[in-house]
Amino acid sequence: MDRILKARHPEISNEWKAPRITLFYICKNQEEASFDDDILAQVASSPFGNLKNAREAGYEYVLHDQTMGRFTVANIKNALGEQFIERLFFLCGPTPMLDALSIQLIQEGVSPMDIIIEDFNLV
């Protein structure tokens, strides 16, 4: 394989392993979780075949709605356990949520360099 191509796209190499991720989908209620079916369909069509197998392989998907209370870093720590600090955090959502989560992450010892933000505003 071409060295430059492999450097730009390590995922096409036989040695590449996908990073373990935890996806938190935060919404007001189950009815507003418009991508939930799509996410579950992607898992079903993956080599894992279902969410149970994906979880056993170290991947996690959490749908969090208001009935579970406000989403905080405590929810993330609960899901990640000891691996909390060893992660990159990709945050996307409304500015107040991103600000609150970023502050909480930093207070928990996460480096600001490990927090990547996509501000989701329609204006």
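Residues numbered from 1 in each chain as written. Predicted model: local features only at pLDDT ≥ 70, side-chain atom pairs only at ≥ 80, totals over all residues. Heavy atoms only, no water.

### Focus on the environment of Phe-24
For Phe-24, the position within the fold is in strand β1 (residues 22–26). The exposure class of Phe-24 is buried, given its relative accessible area of 19%. Measuring from C-alpha to C-alpha, the distance between Phe-24 and Phe-89 comes to 11 Å, with 65 residues separating the pair along the chain. Once you skip the residues sitting within four places of it in the chain, Phe-24 turns out to touch Val-62, Phe-71, Asn-75, Ile-76 and Ala-79. (Helix = DSSP H or I, 4+ residues; strand = E, 2+ residues; numbered from the N terminus. Buried < 20%, exposed > 50% of the residue type's maximum accessible area, 1.4 Å probe, protein only. Contact = heavy atoms within 4.5 Å.)

### Focus: the side chain of Asp-36
Mapped onto the fold, Asp-36 is located in helix α2 (residues 36–45). A distance of 2.5 Å separates the side chain of Asp-36 from the side chain of Tyr-61, its partner in a polar contact. With near-sequence residues (within four places) excluded, Asp-36 lies in contact with Tyr-25, Tyr-61 and Leu-63. (Polar contact = N/O pair within 3.5 Å; in protein donor to acceptor, adjacent residues only side chain to side chain.)

### Focus: the confidence of the model for the protein chain
Averaged over all residues, the pLDDT of the protein chain is 86; the fraction at 70 or higher stands at 91%. For the protein chain, helix α1 (residues 3–8) is the element with the lowest average pLDDT, namely 74, and helix α5 (residues 95–107) is the one with the highest, namely 94. (pLDDT = per-residue confidence, 0-100.)

### Remarks on the pattern of salt bridges
Evaluation of the coordinates by the stated rule reveals three salt bridges. Measuring nitrogen to oxygen at the nearest pair gives 2.8 Å for the salt bridge that ties Glu-56 to Lys-52. Highlighted residues: Glu-56 and Lys-52, both in helix α3 (residues 51–56), separated by four residues, approximately one helical turn. Judged by its relative accessible area of 55%, Glu-56 is exposed. In this structure, Glu-108 and Lys-77 form a salt bridge, with 2.7 Å as the shortest nitrogen-oxygen distance. Of the two residues, Glu-108 is situated in the loop between α5 and β4 (115–119) and Lys-77 in helix α4 (residues 73–80); the sequence distance between them amounts to 31 residues. Given a relative accessible area of 37%, Glu-108 falls into the partly exposed group. (Salt bridge = Lys/Arg side-chain N within 4 Å of Asp/Glu carboxyl O.)

### As for the nonpolar core
With 13 residues, the main nonpolar core has Ile-76, Phe-84, Phe-89, Leu-91, Leu-105 and Val-110 as its most contacted residues. Those elements that provide at least two residues to this core are α4, β3 (89–93) and α5. If sequence neighbours within four positions are ignored, Leu-105 has contacts with Val-73, Phe-84, Phe-89, Leu-91, Val-110 and Ile-115. Membership of the second largest hydrophobic core comes to ten residues, among which are Tyr-25, Ala-54, Tyr-61 and Leu-63. (Core = buried A, V, L, I, M, F, W, Y, C linked by side-chain atoms within 4.5 Å.)

### Digging into the side chain of His-64
By the secondary structure assignment, His-64 is in strand β2 (residues 60–64). From its side chain, His-64 meets the backbone oxygen of Gly-69 in a polar contact 2.8 Å long. Residues contacting His-64, with those up to four places away along its chain left out, are Tyr-25, Ile-26, Cys-27, Gly-69, Arg-70, Phe-71 and Asn-75.

### Regarding the packing of aromatic side chains
For any pair of aromatic rings, geometry is given as the distance between the ring centres together with the angle between the planes. Evaluated as defined, the whole model comprises two aromatic pairs. Taking 5.2 Å as the distance between ring centres and 50 degrees as the angle between the ring planes, the aromatic pair formed by Phe-48 and Tyr-59 counts as tilted. On the criterion of sequence distance, the pair formed by Phe-48 in the loop between α2 and α3 and Tyr-59 in the loop between α3 and β2 is long-range, its members being eleven residues apart. On the accessibility criterion, Tyr-59 (15% relative accessible area) is buried. (Phe/Tyr/Trp six-rings, centres within 6.5 Å; stacked < 30°, edge-to-face > 60°.)

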